[in-house]
Amino acid sequence: MLSPLLPLSLLLAALQPVSAIWPAPQNYTKGNSSLFLHQNIEITYNGAHIVYGGISRALASIFDINFVPWMLKKRGGLSNFEPNLLKGQKWVRKLEIVQTGKDTSNTFKPLAGQVDESYNLTLSVDGFAKLTAVSSTGVLRGLETFTQLFYHHSGGPFWYTPFAPVAIQDAPKFPHRGILLDVARSWFAVKDILRTIDSMAWNKMNILHVHVTDSQSWPIEITTMPEVAKKGAYRPDLTYSPKDIELIQKYAIHRGVEVYFEIDMPGHIGAVALSHPELIVAYNEAPYYWWCAEPPCGAFKLNDSRVDDFLGKVFDDLLPRLAPYSAYFHTGGDELNANDSMLDPGIRANSTEVLQPLLQKFIDTQHARVRKAGLTPITWEEIPTDWNVTIGKDVVVQSWLGGDSVKTLTGNGHKVIDSNYNFWYLDCGRGQWITMANGLAYDTFYPFGDWCDPYKGWRLIYSYDPTANLTEDEAKLVLGGEVAVWTETIDPVTLDSIIWPRASAAGEVLWSGRTDATGQNRSQLDATPRLAEMRERLVAKGIGASPVQMIFCTQGDPTDCQLVLGRKSDHIKMGLVEQLLEHASVKTVLLTAPALLLGLFLCNIAWQDWRIGRMGLRPPKVPNKLPFGLDFIYKNIRGSMTHSELAFWHWVTSSTKSWTSETRIVGRRIILTTDPENIKAILATQFHDYGKGEPFHREWKGFLGDSIFTTDGEVWHASRQLIRPQFIRDRVSDLHCFESHMSVLFRAIANGGALNGEDQFVDMEAGNGKPVDIGDLFFRYTLDAATDFLLGKDIKSLSTPRQEFAEAFGEAQRVQSVAVRAGPLNGFVPRGSFKKSMKVIDEFINQYIEQALRLTPAELEGKAKGDSGYTFLHELAIFTRDRKVLHDQLIAVLLAGRDTTASTLSWTIYELARHPEAVAKLRAEILSVVGTDRAPTYEDLKSMKYLQNVMNETLRIYPVVPFNIRLALKDTTLPRGGGPNQDQPLVVLKDTSIAYSTLVMQRRKDLYPPVSPTFADTDVFSPDRWFHWQPKPWQYIPFNGGPRICIGQQFALTEMGYVLTRLFQRYERVESYMHEIDGGRPNLKAEIVLQPLDGVRVAFWEATKAKSGNA
Ligand code: HEM
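Residues numbered from 1 in each chain as written. Predicted model: local features only at pLDDT ≥ 70, side-chain atom pairs only at ≥ 80, totals over all residues. Heavy atoms only, no water.

Peer 1: Any chance you could explain the overall build of the protein here in plain terms?
Peer 2: Regarding its fold elements, the protein presents 44 helices and 28 strands. In terms of overall size, the protein behaves like a compact globule, its C-alpha atoms giving a radius of gyration of 33 Å where 1111 residues would be expected to give roughly 32 Å. Along the first, second and third principal axes, the C-alpha atoms of the protein reach 100 × 75 × 75 Å. Relative to its 1111 residues, the protein shows a buried fraction of 55%. Taking the intrachain contacts of the protein between residues at least 6 apart in sequence as the baseline, contacts between residues at least 24 apart amount to 74%. Entry remark: accessible area of the protein is about 47,100 Å², with carbon and sulfur atoms responsible for 57%. The distance from the centre of the 115 positive side-chain charges to the centre of the 123 negative ones in the protein is 2 Å. (Helix = DSSP H or I, 4+ residues; strand = E, 2+ residues; numbered from the N terminus. Rg over C-alpha atoms; globule rule 2.2 N^0.38 Å. Buried < 20%, exposed > 50% of the residue type's maximum accessible area, 1.4 Å probe, protein only. Contact = heavy atoms within 4.5 Å. Areas by Shrake-Rupley, 256 points an atom, 1.4 Å probe, with all protein chains shown as cover. Lys, Arg positive; Asp, Glu negative; His and termini not counted. Charge placed at Lys NZ, Arg CZ, Asp CG, Glu CD.)

Peer 1: Looking at this structure, I do not really get the coordination of the iron atom of the ligand. What am I missing?
Peer 2: For a metal bound by four donors in tetrahedral geometry, the ideal donor-metal-donor angle is 109.5 degrees, whereas six donors in octahedral geometry ideally sit at 90 or 180 degrees. The protein supplies the iron atom of the ligand with one donor atom, Cys-1046 (SG), which lies at 2.3 Å. Mapping Cys-1046 onto the fold places it in the loop between α41 (1025-1028) and α42 (1049-1066). (Donors = N, O, S within 2.8 Å, 3.2 Å for Na, K, Ca; no water.)

Peer 1: What's the story with the state of the cysteines in this structure? I'm lost.
Peer 2: What we call a disulfide is simply a covalent bond connecting the sulfur atoms of a pair of cysteines. For the structure shown, the criterion picks out three disulfides. Bridging Cys-428 to Cys-452, the disulfide has an S-S length of 2.0 Å. Where Cys-428 bonds to Cys-452 through sulfur, the torsion about that S-S bond is close to -100 degrees, and the disulfide is left-handed. Separated by 24 residues along the polypeptide, Cys-428 in the loop between α13 (421-424) and α14 (440-445) and Cys-452 in the loop between α14 and α15 (458-462) bring together distant segments of the chain. Just as Cys-428 is buried, Cys-452 falls in that class too. With its sulfur 2.0 Å from that of its partner, Cys-553 forms a disulfide with Cys-561. Looking down the S-S bond of the Cys-553 and Cys-561 bridge, the torsion is -85 degrees, so its handedness is left-handed. A relative accessible area of 7% means that Cys-553 is categorised as buried. Looking at the unpaired Cys-737, the closest cysteine sulfur is the one in Cys-1046, lying at 17 Å. (Disulfide = S-S within 2.5 Å.)

Peer 1: Any chance you could explain the UniProt feature "active site" (unreviewed entry) in the protein here in plain terms?
Peer 2: In the UniProt entry, the feature "active site" (unreviewed entry) is given for Glu-335. Its location among the elements puts Glu-335 in the loop between β12 (328-330) and α10 (352-372). Sequence-distant contacts of Glu-335, that is, excluding residues within four places in its chain, are made with His-268, Ala-293 and Glu-382. At a separation of 2.9 Å, a polar atom in the side chain of Glu-335 contacts the side chain of His-268. (UniProt positions renumbered as here; feature names shortened; annotations may be inferred. Polar contact = N/O pair within 3.5 Å; in protein donor to acceptor, adjacent residues only side chain to side chain.)

Peer 1: For this particular structure, what's the right way to read the domain arrangement of the protein?
Peer 2: Many analyses report the size of an interface as the accessible area lost when the parts associate. Entries for the protein in the domain assignment read domain 1 (1-13 + 583-695 + 960-1001), domain 2 (27-170), domain 3 (176-525) and domain 4 (705-959 + 1002-1011 + 1043-1068 + 1087-1108). Counting residues at the interface gives 17 residues for domain 2, matched by 19 residues for domain 3. Here domain 2 packs against domain 3, burying approximately 1,600 Å² in sum over the two surfaces, 51% of which is carbon and sulfur. Applying the counting criterion to the domain 2 and domain 3 interface returns one salt bridge. A salt bridge links Arg-177 to Glu-117, with the nearest nitrogen and oxygen atoms 2.6 Å apart. Taken together, the links from domain 2 to domain 3 amount to seven residue pairs in polar contact (both at pLDDT 80 or more). Going through the elements one at a time, α2 (50-63) and α5 (136-148) are the ones with two or more residues in the side of domain 2 that touches domain 3. When residues in the side of domain 2 that touches domain 3 are grouped by element, the largest group, six residues, is from α5. (Domains from an automatic or database assignment. Buried area = accessible area lost by both parts, 1.4 Å probe. Salt bridge = Lys/Arg side-chain N within 4 Å of Asp/Glu carboxyl O.)

Peer 1: Help me understand the site of the ligand in this model?
Peer 2: Taken together, 26 residues lie around the ligand, and Trp-716, Arg-720, Asn-964, Arg-966 and Cys-1046 are the ones closest in. Here an oxygen atom of the ligand sits 2.8 Å away from a polar atom, N or O, in the side chain of Asn-964. At 2.9 Å from an oxygen atom of the ligand is found a side-chain nitrogen or oxygen belonging to Arg-1044. Listed by contribution, the elements that provide at least two residues to the shell around the ligand are α27 (713-723), α36 (883-913), β21 (963-968) and α42. Per-element tally for the shell around the ligand: the top contributor is α36, with five residues. Each residue belonging to the shell around the ligand can be placed in one class, and the counts come to 16 nonpolar, six polar and four charged. Both domains that meet at the shell around the ligand, namely domain 1 (1-13 + 583-695 + 960-1001) and domain 4 (705-959 + 1002-1011 + 1043-1068 + 1087-1108), each give it at least three residues. (Near = heavy atom within 4 Å. Nonpolar A, V, L, I, M, F, W, Y, C, P; charged D, E, K, R; others polar.)

Peer 1: I would appreciate a short explanation of the sheet that holds strand β18 (residues 668-673) in the present structure.
Peer 2: In a beta sheet, neighbouring strands pair by backbone hydrogen bonds and run either parallel or antiparallel. Taken in spatial order, the five strands make up an open sheet running β17-β18-β24-β21-β19, and their pairing is mixed. Only two strands of the sheet have a single neighbouring strand rather than two, namely β17 (660-665) and β19 (690-691). Across two bridges, β19 lies against β21 in antiparallel orientation. Looking at β21, one finds that Tyr-690 is bridged to Ala-968. (Pairing = 2+ DSSP bridges.)

Peer 1: Looking at this model, I keep getting lost on empty space enclosed by the protein. Mind explaining?
Peer 2: One simple way to see leftover space: roll a probe sized like a water molecule over the atoms. What the rule picks out here adds up to five cavities of 30 Å³ or more. Volume-wise, the largest cavity comes out at about 190 Å³. Looking at the largest cavity, it is lined by 23 residues, and the ones nearest its centre are Thr-107, Pro-110, Val-115, Gly-256 and Glu-258. Ranked by the residues each element gives to the lining of the largest cavity, the list is headed by α5, at four residues. A domain-level breakdown of the lining of the largest cavity finds at least three residues from each of domain 2 (27-170) and domain 3 (176-525). Lining the second largest cavity we find 16 residues, and of these Ser-215, His-268, Cys-292, Ala-293 and Cys-297 sit closest to its centre. Tallied by class, the residues present in the lining of the second largest cavity amount to five nonpolar, six polar and five charged. (1 Å grid on protein atoms, 1.4 Å probe; cavity = no way out; pocket = protein on both sides within 12 Å on 5 of 7 lines; lining within 4 Å. Points joined across faces, edges and corners; volume = space filled by probe spheres on them.)

Shown next, in the form of structure tokens:
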């Protein structure tokens, strides 16, 4: 039976007044004595003038615009919360404010981190309050907290706190806590902006980023060119004069908020065309989606000196006015659509090669101007990431992709402001604003969700941690974040309810941190009542903030409106086909189905062709002679059966004379491309338009479940968040796991194959120069290392010729690969051995999962702190106890971690064995850096340039995933391949597959420099070329690129580098026997990964033996 004390204690806890300060202070203790605030409170202060305004606003907050918290207390229970007015009132009569430091000019326009915002606040039971802070900004923050201690009494003009004594020490986690307000898409009067600044200060948010111009309007006045705002604004008087701007900035400074402005360019600048049409391309061009993300389009001409003159005048006028009150200026840089420059008479191209240098010059010039005015430039992330523009170390990069992109940016040393649109875009999820007439657009976009669905409720906003998955060094570069208010459908009428109290949620993450003092993620149970109170304070002050919950919830205990998940009920929804079948007789179905299907099939093709024709261009078609693309299918199947896929792709490109082409297979359109611009679009710039797709998921589900490899969208994202931390540098640089299997590998090499038991005697001397299939041994080595790393279990396949798990894993992959190739016929592929193998794999993996789940979270944490026996599985189990998630991710990473490195190592030895000069150079480097015996460190491996060249070159010529595929998730485009010259964008309808080949692209002779003494033909293995050459972005992507870039890249390069170093410390020479087998022409087996078809038969010669003449 339960102790009756337990529910009672819970009840008591629930009745405790909530400590409602928002954002939560870093340290906060409070009591339960009540104090009234005296209207004649004496306030002393030893510092700057600016604080006096803060003091009077704080007093007004308490006495004039406060609220009675009836809606936050139990129904009818307010009187239990409010102190008695009739007896023993104690008063707060004095507030002493002490500023311990001196303000500097940086205090009022700081770069991130330049101002100390910390403060201490105490309130004793006998009514003495003291606020101490280093800077006046810290004092302002403390005053906001002070106001939140007090409520208006329902009995009359009395203001009280029930929390004395109070002690608070507080400081922000991030220096940059901002809101981006777009005042170009909708017009906002100065008073709307000032009101937003007030609310920000109440939430301790300190940066207002004003996106002041865009293609829709240019409201900021440039005194030397009045026509720009006059014509560019929505109405000639809807502008911001220099006085307005100064007022906004000064008003903000008095509230501890810094305002900085953005002129977005060179895209998003169409409004300039209204006054200076000669400077802009693609203004209001249709259909807009070819030229920009939303109407009206318009970008600066990138190769026109008049643009430069114009910007010179804008900046000369504007920046000196902004600089006294702000440390930053944002030069935009997002979503520049390369197609725009095709309309530019001075360029007429959309290729990165042409545009990148022009953009580099453009950015360099504007950033130099910003610096000259004493400001620090901020840019959107596309500038360094998509355009590869080099920016100064001082430049701050704003990321709207967030997550992995922030990791990449900080990894590259950039300071970052995180505005992850999946969490912090406040405009998202409220439906499409583009109008769609009845017909194609209507049908395609129904039910009219917007591009960044779903709506970001405060709970989602609150769940985001801008430094999640970053290393300590990377996290230091995250200055903070901004929630974004893009205003296509937001205006002054709705502004408050859009921003508040959702921005407060981000405000708390940025001030207090996503985790609390115990390191736990802050809980909604704690946050909800505090945020509900913050919302009431905002409403009391005249802000139209949305409610957090209905009054039933806010009046109750937080758990009254809590969702406690019990068992899931399995609702199985019947699909359309099942429903049809249920209602039709077998005979009817048999008679009508074929005709119906053929009709549907033909209509569908005609319908698609018509839509493509209406929407734009297409690439050349692969010349098919037979209907349904049967000859294409035949050639494709023949290509895979004879392992000549590369020749098949060459046939496709030569028969179409294009790097991008299309065909139909049984009615389904497929696009084939080896164009880096298109691959970049699929993987990065149009990432959300393409995915693996449901058919891929279906095909691979039996093997890889719902893992990172088979899913898209949120499910994929969750997997990536889960797995990514395991590949941080600390884990990857632990080389112990690789070393422990090396000695068995050496013995197996000397044995000429896998050992028959760990203890088998091997005569190492006799084994010198013995031929061996090193490919087989690499697959065993990487399996042993991977199971060790993932599960903590060395399965010893190097010393067990027939290891059950290894064989099952191999067989499951074989059948899976056949099934995938069979396409629509995959139902006919026999699955007996697959099922058996999966049973073996599952049983093996599940025993480790069960072991890990037997550990409590505390035991897992304990293991994490000590080293021994701590594995990838343990790490995952800390975050999820869902057996299926653990199972699926483990198999996925096992597959990725084993076959990829094994096959790359196999290819490396294949090539080194026929390039003795490369072996000599590699060995010389290894001996000079690590000598003959010492185990290499992570830093050693990274410092060996020739070793890196060898691996890069192997991955160039034999990329592990040679052919890949993505599915269009919506109607979209690819940037190049359409039209008669194949240089125009092309239409891609939803559900079209895009096949792309890195193998073909990475050997394209036209992309790389011509053959010369320093640059061998692209088909030739030549590590030396990397001394003189760096591939251009997206022309070398063995690890893919964009948000789905390989997670295991560093792990793989470390493992491979380690093995190669260890091998060539010991062996001086490796001799190839492959010429006798394949005639010197390596046969490529492209199943799940690219491997040498005929194995890699070689002999290794130990250095000492060769010297003593035994070789
Ligand atoms: C030479 C070695 C490797 C190469 C060339 C390579 C290449 C790739 C490529 C091309 C992809 C993208 C696949 C796609 O999305 O279609 C990928 C994804 C991935 N790789 Fe690797 N990989 C290697 C080693 C590894 C290792 C050792 C691991 C882990 C131990 C690993 C883990 C992953 C994971 C988890 C993904 C999925 C990422 C996602 O979809 O978000 N890889 N890899």
